[in-house]
Amino acid sequence: MLYFDFAMGREFDEWFNHMKKVVLSGKLTSIERDLLEQLLEVLVSPNKKINLLDELGISIDDLDLAFARLEYYGLVKYWVEDETEKKVDV
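Residues numbered from 1 in each chain as written. Predicted model: local features only at pLDDT ≥ 70, side-chain atom pairs only at ≥ 80, totals over all residues. Heavy atoms only, no water.

Trainee: Can you walk me through the overall build of the chain in this structure?
Mentor: In terms of helices and strands, the chain carries four helices and two strands. In sequence order, the chain lays out its α and β elements as β-α-α-α-α-β. The 90 residues of the chain split such that 26% are buried. Just so you have it, the chain exposes about 6,600 Å², and 52% of that area is on carbon and sulfur atoms. (Helix = DSSP H or I, 4+ residues; strand = E, 2+ residues; numbered from the N terminus. Buried < 20%, exposed > 50% of the residue type's maximum accessible area, 1.4 Å probe, protein only. Areas by Shrake-Rupley, 256 points an atom, 1.4 Å probe, with all protein chains shown as cover.)

Right, here's the structure in full:
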C-alpha cells in the first residue's frame, strides 16, 4: 500500500501556493505533473482507488523517480508499507 502526505507539516494553503510556484516554474516533467494530478484526485476523493502504473502508463522505476522528484521539490512525501507484514503491539 502506498501512502503520501502533501502538507509535510505545513498548512494546506502554504503547500498549495508552493505547489503552484513549482508547477508554474516548469521544473516538473509531464510524468511528474500527471502524477501530481492523480494524487490530487485521490485527495479530493479519498475513497477512490487508482493504479498509478496503469493510469500513467509508466514503469515502476519511472514512478519511483517521479515520486522522488516531487518529494525533492517539497510537494509530497511518500512511503510504502507491505500489506502482508503483520504488526504486533507489545
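Trainee: Looking at this structure, how should I read the nonpolar core?
Mentor: Across soluble globular proteins, you tend to see nonpolar side chains buried next to one another. Among the nonpolar cores identified, the biggest contains 19 residues, and Leu28, Leu35, Leu39, Leu63, Phe67 and Leu75 are the most heavily contacted of them. Every element with two or more residues in this core is listed here: helix 1 (12–25), helix 2 (30–44), helix 3 (52–56) and helix 4 (60–72). If one sorts the elements of this core by residue count, helix 4 sits on top with four residues. Residues within four places of Leu63 in sequence aside, it is in contact with Leu35, Leu52, Leu53, Leu56 and Ile58. (Core = buried A, V, L, I, M, F, W, Y, C linked by side-chain atoms within 4.5 Å. Contact = heavy atoms within 4.5 Å.)

Trainee: Sorry if this is basic, but what is going on with the environment of Leu36 here?
Mentor: Within the secondary structure layout, Leu36 lies in helix 2. Put simply, Leu36 and Val76 are 40 residues apart on the chain and 8.6 Å apart in space, counted from C-alpha to C-alpha. Look past the residues within four positions of Leu36 in its chain and what remains in contact with it is Phe6, Met19, Val23, Leu28, Leu70 and Leu75.

Trainee: Any chance you could explain the side chain of Gln38 here in plain terms?
Mentor: On the secondary structure map, Gln38 appears in helix 2. If sequence neighbours within four positions are ignored, Gln38 has contacts with Ile50, Leu52, Glu55 and Leu56.

Trainee: Sorry, what's going on with the packing of helix 2 against helix 4 here?
Mentor: Two elements in contact, helix 2 and helix 4, have axes separated by 9 Å at closest approach and are oriented at 80 degrees. With respect to helix 4, the axis of helix 2 lies roughly perpendicular. Contacts between helix 2 and helix 4 pair Ile31, Glu32, Leu35, Leu36 and Leu39 from the former with Leu63, Ala66, Phe67, Arg69 and Leu70 from the latter. Of the residues in the contact of helix 2 with helix 4, the class split is eight nonpolar, no polar and two charged. (Axes fitted to C-alpha atoms, helices over the stretch in contact; angles between N-to-C directions. Parallel < 35°, antiparallel > 145°, perpendicular 65-115°, else oblique. Nonpolar A, V, L, I, M, F, W, Y, C, P; charged D, E, K, R; others polar.)

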